[in-house]
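# Analysis of the macromolecular model
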Amino acid sequence: MAENGKNVTWFMEEPKQEILSCDKDSSLNAKYLRLNGSFLVVTDLHVEDEGLYGCKGCSETESTPAQIQLKISSGPHNITFLISPTKTLPNGTLYTSSGSNVTFSCFSNSIPEPTNKIVFNAGGEAEVFDSINANSLFFSLHHIASNYLGNYTCSVVNPLSNKALSSTLQLLVYRAPDSPMQCSATHTGVPSGLSLTCFWLGGYPSPLLQWEQNGNILSNGTSDTLVVTVNGSHYGDGQKLTCRGKHLVTNEEKTCEVHLGYPMPWSQGMRTCLKGQNVTLSCSVSGANPPAVITWLRNLSNPNVAIHSGTKYQIAQSGNVSYLTIVNCSKEDDEGSYICMTENGVATKDLYIQLDVTTPHNIVGLVSAILILFLVVVALITGVILYCDPHLYIKAIRRGESEALVLIESEEEDEMQQVADSVVSTQYTGSETRSPDAANGNIYKHQVLFHNPPDHISSDLLSEVSEETEGENLEEEL
């Protein structure tokens, strides 16, 4: 290039054309001007002005001129960033449903073509989804997951000027709750205090929950969990309460129900405890919803005083059964009524249990008393028999294998003894049986019982005894 102040000729290499001659300070194209002889000024620069420029001195004859490369940069301008298909919230935030296909598009005007990229940022960690040297970028994300909610940025940078331009969109990925809807009722601990809880977890954003009773709204709100406290005494046994849930992703309505129930206590109404021993009272509850709280009370000098666990009383609970153990029973302190109070916020039910404290008895003395009483009864019976007929008594006769039980008069004992001896003698001697006259004259007044009658006893004797006995019985009846 010529020295400063000397005129030079300016031309473009491609296409080859002279744009400023040595003897002129301006060109036919008004956009080219000479400055201080050797400087070329290009005004109203356009993309078409980009190219390879050359110059040489007007007096110089060298064939290779000095060359300068002119590059034109523009932008980026008019960046456009789109995410589709999506829906827009009132605040401009975009949202889509989990599992859908989403396309990202980024457009801009830049010369030369910029570096174009899409970046996902969630929780401070950036992830580049795609990058390309172009004014337009398209990227598709299939089956978008729920954790891809966050800020998406399209960034373009001019490689010549390093000028950058970006556009950021917030995308929310909605998902329906992935857990079943559940509801329950609990006792708050205060009289008639009932807490209703409904939860539907796993959704984004939170669903709309609403508690209802026979179509009347008790409470509602947008939350994973909805809790409302009501007066349980306003509801009856078997009352149904319903929780309804809706979510933006799905049009399906979910419901769950709570059926309230009165507590029904049960126990033994009467218990006995030996003085100085321990006794355990039990109380079970059925039908209660919500589950009932079981409290043990005394109903003595201070009515309805709650019992607490300690050295005297021990309270334990297993499931819906409560146990009250009374240590070292005493009649003065422990005998009386105990109350099993069951309360679940819907109703309060009491059950009374009567405890009797007894003193243990002397078993040996009791047995002795019973034996003495038995002997007294036997003596009384014997006395009555003797009193009715003092001349009668029971006499047992045993000879060998024969036994006879005879009811006789005292003066006839000798005669009966002879009869018995005669019978036994007949059994052992094998001789013919004879009936003594003396015996035959008195035997009809009595009844002789043989438990084991001899094999060789006289049949005449047996028939006489039987006939005389039947005759005497007939006379007595007449």
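The protein chain appears in an unreviewed UniProt entry as Ig-like domain-containing protein from Eleutherodactylus coqui. Under the Subcellular location (unreviewed entry) heading, UniProt states for the protein chain: "Membrane".

### Considering the sheet that holds strand S9 (residues 94–97)
Hydrogen bonds between backbone atoms are what pair the strands of a sheet, whose relative direction is either parallel or antiparallel. On the basis of which strands lie adjacent, the open sheet formed by six strands has the order S8-S9-S15-S14-S11-S12 and mixed pairing. Two strands close off the open sheet at either side, each with one partner strand: strand S8 (87–88) and strand S12 (125–133). As judged from the seven bridges shared by strand S11 (residues 115–122) and strand S14 (residues 150–157), these two strands associate in the antiparallel manner. In the sheet register, Phe-120 faces S14, and the bridge partner there is Tyr-152.

### Section: the state of the cysteines
Within the structure shown, the criterion is met by five disulfides. Disulfide partner of Cys-106: Cys-154, at an S-S distance of 1.5 Å. Taking the sign of the torsion about the S-S bond as the criterion, the disulfide between Cys-106 and Cys-154, at about -80°, is left-handed. Placement of the pair is Cys-106 in strand S10 (residues 102–111) and Cys-154 in strand S14, with a sequence separation of 48 residues. When sorted by exposure, Cys-106 lands in the same class as Cys-154, which is buried.

### Some remarks on the environment of Val-249
With respect to the helices and strands, the residue Val-249 is situated in the loop between strand S21 (240–246) and strand S22 (254–259). For Val-249, a relative accessible area of 32% corresponds to the partly exposed category. With 151 residues separating them along the chain, Val-249 and Ser-98 place their C-alpha atoms 8.8 Å apart.

### A word on the packing of aromatic side chains
Tallied over the entire structure, the rule returns twelve aromatic pairs. A ring pair is formed by Tyr-95 and Tyr-174, whose centres lie 4.6 Å apart and whose planes are at 20°; its orientation type is stacked. With Tyr-95 in strand S9 and Tyr-174 in strand S15 (residues 164–174), this pair connects stretches of sequence that are 79 residues apart. Since its relative accessible area comes to 18%, Tyr-95 is described here as buried. Of the aromatic side chains, those joined through ring pairs into one cluster are Phe-104, Phe-120, Phe-129, Phe-139, Tyr-148 and Tyr-152.

### Some thoughts on the pairing of strand S2 (residues 17–20)
Bridging between strand S1 (residues 8–12) and S2 involves three bridges; their strand directions are antiparallel. Directly across from Phe-11, in S2, lies its bridge partner Glu-18. As consecutive antiparallel partners, S1 and S2 are separated by four residues.

### Focus: unusual backbone geometry
With an omega of -5°, the peptide bond running from Tyr-204 to Pro-205 counts as cis. The residue Pro-205 is located in the loop between strand S17 (193–199) and strand S18 (208–213) in this model. Following Asn-289, the chain continues into Pro-290 via a peptide bond in cis, with omega recorded as 5°. Residue position: Pro-290 is located in the loop between strand S25 (279–286) and strand S26 (293–299).

Thresholds, definitions, all that
- Residues numbered from 1 in each chain as written.
- Predicted model: local features only at pLDDT ≥ 70, side-chain atom pairs only at ≥ 80, totals over all residues.
- Heavy atoms only, no water.
- UniProt positions renumbered as here; feature names shortened; annotations may be inferred.
- Pairing = 2+ DSSP bridges.
- Helix = DSSP H or I, 4+ residues; strand = E, 2+ residues; numbered from the N terminus.
- Disulfide = S-S within 2.5 Å.
- Buried < 20%, exposed > 50% of the residue type's maximum accessible area, 1.4 Å probe, protein only.
- Phe/Tyr/Trp six-rings, centres within 6.5 Å; stacked < 30°, edge-to-face > 60°.

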